[in-house]
Amino acid sequence: MADSNFPLPPYDYCPLCVDAVRDPVTIPCGDTYCLECIKVYWDQFDHMGVYSCPQCRATFTPRPVLKRDVVDVYHEPKRQLPELTPFPDMHRDSYCDFCVGRRNKAVKSCLMCLAYYCETHVKPHYESSTFKRHKLVDETGHLDRKICPQHEKGLELFCRTDQMCICVLCTVREHRSHNIISAEEERNEKQKVLVVTQSEVQYIIQERLKELQGLKHNVDVLKSGAQRAQAESDKTFHEMLQAVERWKAEINQLITANMQGAMSQAEGYVDRLEQEIQELQRRDAELRQILETEDNIHFLQNFPTLCVPPEPTVPKVLINPQFSFGEMSKTATEMKEQVDDICKKELSKISKTVSDTPVYILLPRNGEKRLKVPSRADFQEPKTRTDFLRYSCKLSFDPNTVYKELVLSDGNQKVSRKRTVQFYPDHPERFDGFSQVLCKEPLSGFRFYWETEWGGEFSLGVAYKSISRKGKNSQSLLGYNDKSWSLLCSDSGYSAWHSKADRDIPDAPRTSRLGVYLDYAGNTVAFYSVSETMELIHRFKAQFSEPLYAGFGVGSSVTLCQLKQSTKPY
């Protein structure tokens, strides 16, 4: 894949609502807002007829037409998450109350003086003992919110009864007999709560970063899958075009051969007819001559030979009305129509499948029910066999991959080893070194589960389509390379294999039926002893980059079990 980092959309947050942008619109100056936010903001200026950008203050007349932006996530430049200002709605620039002329930006405010100070004028608060009891705080631009609106005194206390900040005079009447403590003490208590909240937020951030990384990876896989499908489609249609060219050449050759044969026969008939005509013309001349002679003796002497009519030597030649080159062009038309019908039917089928299968599944958080999505139980890690059966998939063995000593039966649901060579046609996907077979169905995107019954030593697992099929080496043996993951099963026990690395599993339960659970998005493939509680034998963790195919190494026989969600647990 050309770019391993999936670019974030260029719209990260809306400056008006300070939230993730919804229905992004870009106004003429280039700034972007939520469609609803900028609409409501500009509605306030309809009476003036002049509209401005809330950020750069550029003005527009008349009111610009708002249209949702169309985002191409594959070609937008990579964007980083924006630097967010904490409490942007609570912060504003303020200026020093003691500067003369051009006022400098304030850096501190005094809760005793109730005034703003720049770096120069705040120095007396640090240097003079007169101000040693004054409380300096970082400037936030809301000094008025630190003054009691009723008594115009600084807010120094907190009323727990009414849960609000108050001044000293408030304790005399409005908050008399209430539970009152200093603002500092209340802050210390509430800070403990915020520390816990901060920990939770940091944990959520880490979880979201993991989700983001996983989403980027899965989108990469999705895009590479689309590119691979397009390449395979191009290859297939190129081969189809080549096949059509061959069919065209064969029909043209057939027409040419028939035409040449017909012309050759016609030329023979023409030559013979021309010769017969010449003979008849010669006889006609002789008859005309004898009829015109005055010599009676000559006439009578030649009469016996000339009175006999000539025998025809060439049959009458007609074109057979049942023969027509139009039949060949009609056949070509019928072949085209059949190909069109097949392509339309298959394209309609796959279009419906693609349309009915969502690319993304949205999961609600914290009990949100606004989205019509599957229940949370659908996406929890399965525990019982009933849970696993929710992801059951129908598989079938691929005849093009089956080893020469294996025999398929039961509609390609069972494979047996016969120890005698079967006469299969050569195929680039056929294993020719090991007694192995893959299933037809590609597995990618979400979760899949299947079960098998086996006899004799065998192995089962998953592999990329790109696994080697030729030769008796590690590149074509399930579990012995980086393109496959497998569990080797025998009467003596199990062992898990990947990239030639094995792990013995001595204590796993023995069973003739095994379940395989593939969580493609979760990058795991696990093997289970089938029962109501589904005992785990081994789990692989991996980073899948291609669609996977169920694979088997067959010692005696392997059967793909027919599963339904209503199947009763063992």
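Every chain is numbered independently, its residues counted from 1 as its sequence is written. Local features in this predicted model are restricted to residues whose pLDDT is 70 or higher, and side-chain atom pairs enter the listing and the counts only when it is 80 or higher, whereas totals over whole chains, interfaces and linings include all residues. With hydrogens and water set aside, each side-chain value is computed from the structure's full complement of heavy atoms.

### Considerations on the packing of aromatic side chains
Two aromatic rings, drawn from Phe, Tyr or Trp (for Trp, its six-membered ring), form a pair once their centres lie within 6.5 Å of each other, and the interplanar angle then sorts them: stacked below 30 degrees, edge-to-face above 60, tilted otherwise. Using the criterion set out here, one finds 16 aromatic pairs in the structure. Pairing Phe98 with Tyr117 gives two aromatic rings, centres 5.0 Å apart and planes at 15°, and the pair type is stacked. Of the two residues, Phe98 sits in the loop between strand E4 (59-60) and strand E5 (108-110) while Tyr117 sits in strand E6 (residues 115-117), which places them 19 residues apart along the sequence. Burial classes follow relative accessibility: with a 1.4 Å probe on protein chains only, a residue under 20% of its type's maximum area counts as buried, one over 50% as exposed, and anything between as partly exposed. You can call Phe98 partly exposed: its relative accessible area is 41%. Cation over ring: Arg469 sits above Phe431, and NZ or CZ is 5.4 Å from the ring centre. Labels follow the DSSP assignment, with helices taken as runs of H or I lasting at least four residues and strands as runs of E lasting at least two, numbered in each case from the N terminus. A ring has a charge above it when a Lys NZ or an Arg CZ is no more than 6 Å from the ring centre and no more than 35 degrees off the ring normal.

### Description of helix H3 (residues 183-292)
With 110 residues, H3 extends 154 Å between its outermost C-alpha atoms, agreeing within 8% with the 164 Å of an ideal straight helix rising 1.5 Å per residue. Along H3, the residues that are buried comprise Glu186, Lys216, Val219, Asp220, Val221, Ser224, Ala243, Glu276 and Ile290. Buried residues in H3 make contact with strand E8 (157-159), strand E10 (180-182) and helix H4 (296-306). By definition here, a helix of n residues has an expected span of 1.5 Å times n minus one. Two residues qualify as a contact provided that any one of their heavy atoms is within 4.5 Å of a heavy atom in the partner residue.

### Looking at the packing of H3 against H4
Here an axis means a line fitted to C-alpha atoms, over the contact stretch when the element is a helix, while the angle between two N-to-C directions is reported on a 0 to 180 degree scale. Remark: H3 packs on H4, axes separated minimally by 10 Å, with the N-to-C direction vectors making an angle of 150°. Between H3 and H4, the angle falls in the class roughly antiparallel. Once H3 is placed against H4, the crossing between them reads as left-handed. Residues Arg283, Glu286, Leu287, Ile290 and Leu291 of H3 form the contact with H4, whose own contacting residues are His298, Phe299, Asn302, Thr305 and Leu306. Angle categories are assigned with fixed cut-offs, so that under 35 degrees is roughly parallel, over 145 is roughly antiparallel, 65 to 115 is roughly perpendicular, and the rest are oblique. With the far helix as reference, a near helix turned anticlockwise by less than a right angle produces a left-handed crossing, and one turned clockwise produces a right-handed crossing.

### Concerning the nonpolar core
Here, nonpolar core refers to any group of buried Ala, Val, Leu, Ile, Met, Phe, Trp, Tyr and Cys residues whose side-chain atoms link them within 4.5 Å. Core analysis: the largest hydrophobic core is formed by 41 residues, its most contacted members being Trp450 and Phe552. Of all the elements, strand E15 (residues 458-464) adds the most residues to this core, at 4 residues.

### Some points on the pairing of E15
Within E15, 7 of the 7 residues are buried, which leaves it mostly tucked inside the rest of the structure. Of the two faces of E15, both are covered, the one formed by Phe458, Leu460, Val462 and Tyr464 as well as the one formed by Ser459, Gly461 and Ala463. In this description, strands pair whenever DSSP reports at least two bridges between them. In this sheet, strand E16 (residues 484-490) lies alongside E15 in antiparallel orientation, the contact comprising 6 bridges. When the sheet's bridge partners are listed, Ala463 is paired in E16 with Ser484.

### Observations concerning the pattern of salt bridges
We define a salt bridge as a contact between a side-chain nitrogen of Lys or Arg and a carboxyl oxygen of Asp or Glu at a distance within 4 Å. Following the criterion strictly, the structure yields 19 salt bridges and no others. Its salt-bridge partner being Lys190, residue Glu186 comes within 2.2 Å of it at the nearest N-O pair. With Glu186 and Lys190 both in helix H3, this residue pair falls 4 residues apart, about one helical turn. What makes Glu186 buried here is its relative accessible area of 6%. Residue Asp519 is joined to Arg447 by a salt bridge in which the shortest nitrogen-to-oxygen separation is 3.5 Å. Of this pair, Asp519 sits in strand E19 (residues 513-519) while Arg447 sits in strand E14 (residues 447-455); the two residues are 72 residues apart in sequence, bridging distant segments of the chain. A network of salt bridges, in which partner residues are shared, links Arg385, Glu451, Glu453 and Arg513.

### Section: a nonpolar patch on the surface
Residues Phe237, Met240, Val244, Trp247, Met335 and Val339 make up a contiguous nonpolar surface patch of about 490 Å² in total accessible area. Elements supplying a minimum of two residues to the nonpolar patch: H3 and helix H5 (326-356). Ranked by residues supplied to the nonpolar patch, first place goes to H3 with 4 residues. Counting through the fold element by element, Val339 comes out in helix H5. In this scheme, patches are assembled from residues that exceed 30% relative accessible area and form no salt bridge. Like charges are connected within 9 Å, while nonpolar side chains (Val, Leu, Ile, Met, Phe, Trp, Tyr) are connected within 5 Å. Accessible surface area values rest on a Shrake-Rupley calculation with a 1.4 Å probe, where residue burial reflects the displayed protein chains alone.

### With respect to a negative patch on the surface
Note on charges: Lys and Arg go in the positive column, Asp and Glu in the negative column, and His and the chain ends are not counted at all. Charge positions come from single atoms, namely NZ of Lys, CZ of Arg, CG of Asp or CD of Glu. On the surface, a cluster of negative charge is made up of Glu327, Glu334, Glu337 and Asp341. Counting through the fold element by element, Asp341 comes out in helix H5. Using a relative accessible area of 49% as the deciding quantity, one classes Asp341 as partly exposed.

### Some points on the environment of Asp504
As for its placement among the helices and strands, Asp504 is situated in strand E18 (residues 501-505). As for Asp504 and Leu487, which are separated by 17 residues in sequence, their C-alpha atoms are 9.8 Å apart. If near-sequence neighbours (up to four positions away) are discounted, Asp504 is found in contact with Tyr494 and Ser495.

### A short note on the sheet that holds E19
The strands making up a sheet are joined through hydrogen bonds of the backbone, oriented either antiparallel or parallel. The strand order across the open sheet built from 7 strands is E11-E12-E23-E14-E19-E20-E21, with neighbouring strands paired in antiparallel fashion. Across the chains shown, the open sheet's two edge strands, defined by having one partner strand only, are strand E11 (406-409) and strand E21 (535-541). Within this sheet the neighbouring strands show an average axis-to-axis angle of 20°, counted without direction.

### Comments concerning unusual backbone geometry
Residue Pro62 is reached from Thr61 by a cis peptide bond, and omega for that bond is 0°. Relative to the elements of secondary structure, Pro62 occurs in the loop between E4 and E5. You will see that Ser499, though not glycine, has its phi angle at about 50°, which is positive. Here Ser499 shows up in the loop between strand E17 (493-498) and E18. The phi torsion at Lys500 lies on the positive side, around 70°, for a residue other than glycine. Position of Lys500 among the secondary structure elements: in the loop between E17 and E18.

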